[in-house]
Amino acid sequence: MLNIVVCIKFVRTDLVNENQETEDRFVLNPYDLFTLECAVSWKNQMDCNVICLTMGPKGIQPYLQRLYGMGADRVICLSDSVFAGSDTVATSYILSSFIRECLNYDLILCGEMAVDGETGQVPAGLAARLNVRYVSGVKAVREFRKDSIVLEAGNSEFDTELLVAIPAVLSVNEFTMKAKSIGLMALKKAQQKEIEIITSGDFNVDVSKCGLRGSKTKVLEVEANFIKKDSQRLYGEGKREAELIKKLVMKNHGEMCANE
């Protein structure tokens with residue numbers, strides 16, 4: 001059985017969609033959501049075990065139960081006050097320390113970045129600390145072999161097909177904004193499963209390298225900067241609706257010409 005660790009992060013809901021009508025304070029990072037859905041889909045191709053690993057405060061724990069409904073086999077949350085305020089350096093240290101000591105893994109999957117930081121540094125930091133191969137910009141896994149995988153990776157200029165020996169860390173360069181719906185029965189089963197809460201005393205970690213003490217940078221403030229556009233809703237049928245749209249386009253065109 002292939003053991004796949006999916007590193008996920010929950011971010012403030014307003015950083016993903018400012019206008020989303022929900023009382024939820026946190027939502028799964030869109031890049032990590034896509035990555036998790038990829039890992040779960042691989043269960044149809046091969047025998048694999050999907051382990052979700054996250055780090056965060058107690059406030060995110062109610063959201064973790066849904067990960068079981070999405071197809072995760074195991075959900076682990078590293079939650080301790082000494083982890084609070086960790087930057088990418090401290091985060092990669094904490095995650096790699098736990099993975100090395102406590103998890104048997106073949107692949108570690110990460111989203112390419114998180115929308116509340118967009119540094120993309122944690123996946124590379126994990127690979128360096130664990131001393132395993134790292135591939136960024138992964139778009140698809142084409143084939144699973146005994147000790148390796150064939151995948152497609154690339155950037156804005158070109159794509160390439162790679163044969164990568166495992167274990168390895170992969171960062172997936174795609175995202176999705178909305179999770180697939182979870183059936184009522186699957187959600188009920190998910191709510192009965194255990195979320196494993198891990199503190200700094202449960203594994204070998206140097207607390208001086210965690211949290212604010214172990215961070216090389218300090219995040220002072222996070223803002224959601226959305227580009228807002230005015231919109232107008234038109235009502236009508238057939239020709240009347242077309243005329244309304246035509247008048248609006250001509251009006252806007254005239255205003256643009258006047259400003260040139």
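Attention in this report is confined to the structure presented alongside it. Since the model is a prediction, treat every value here as computed from it, not as a measurement.

### Overview of the pattern of salt bridges
Overall, the coordinates contain 5 salt bridges when judged by the stated rule. One salt bridge in this structure joins E143 and R145, with 3.2 Å as the shortest N-O distance. You can call E143 partly exposed: its relative accessible area is 38%. Overall, the relative accessible area of 43% leaves R145 in the partly exposed class.

### Notes on the pairing of strand 8 (residues 148-154)
Of all 7 residues in strand 8, 7 are buried; the element is thus mostly enclosed. Burial of strand 8 is two-sided: the residues S148, V150, E152 and G154 facing one way and the residues I149, L151 and A153 facing the other way are all buried. Here strand 8 runs beside strand 9 (residues 159-165); their pairing, made up of 7 bridges, is antiparallel. Bridge pairing in strand 9 places A153 opposite T160. Count of turn residues in the strand 8/strand 9 antiparallel hairpin: 4 residues.

### Topic: unusual backbone geometry
Residue P167 is bonded to the preceding I166 through a cis peptide linkage, with omega at 15 degrees. Within the fold, P167 resides in the loop between strand 9 and strand 10 (168-172). A positive phi angle is found at N131, which is not glycine, with a value near 60 degrees. Locating N131 in the fold gives a position in the loop between helix 5 (122-130) and strand 7 (133-144). Take N131: its relative accessible area is 70%, and that puts it in the exposed class.

Definitions and cut-offs
Residues numbered from 1 in each chain as written. Predicted model: local features only at pLDDT ≥ 70, side-chain atom pairs only at ≥ 80, totals over all residues. Heavy atoms only, no water. Salt bridge = Lys/Arg side-chain N within 4 Å of Asp/Glu carboxyl O. Buried < 20%, exposed > 50% of the residue type's maximum accessible area, 1.4 Å probe, protein only. Helix = DSSP H or I, 4+ residues; strand = E, 2+ residues; numbered from the N terminus. Pairing = 2+ DSSP bridges.

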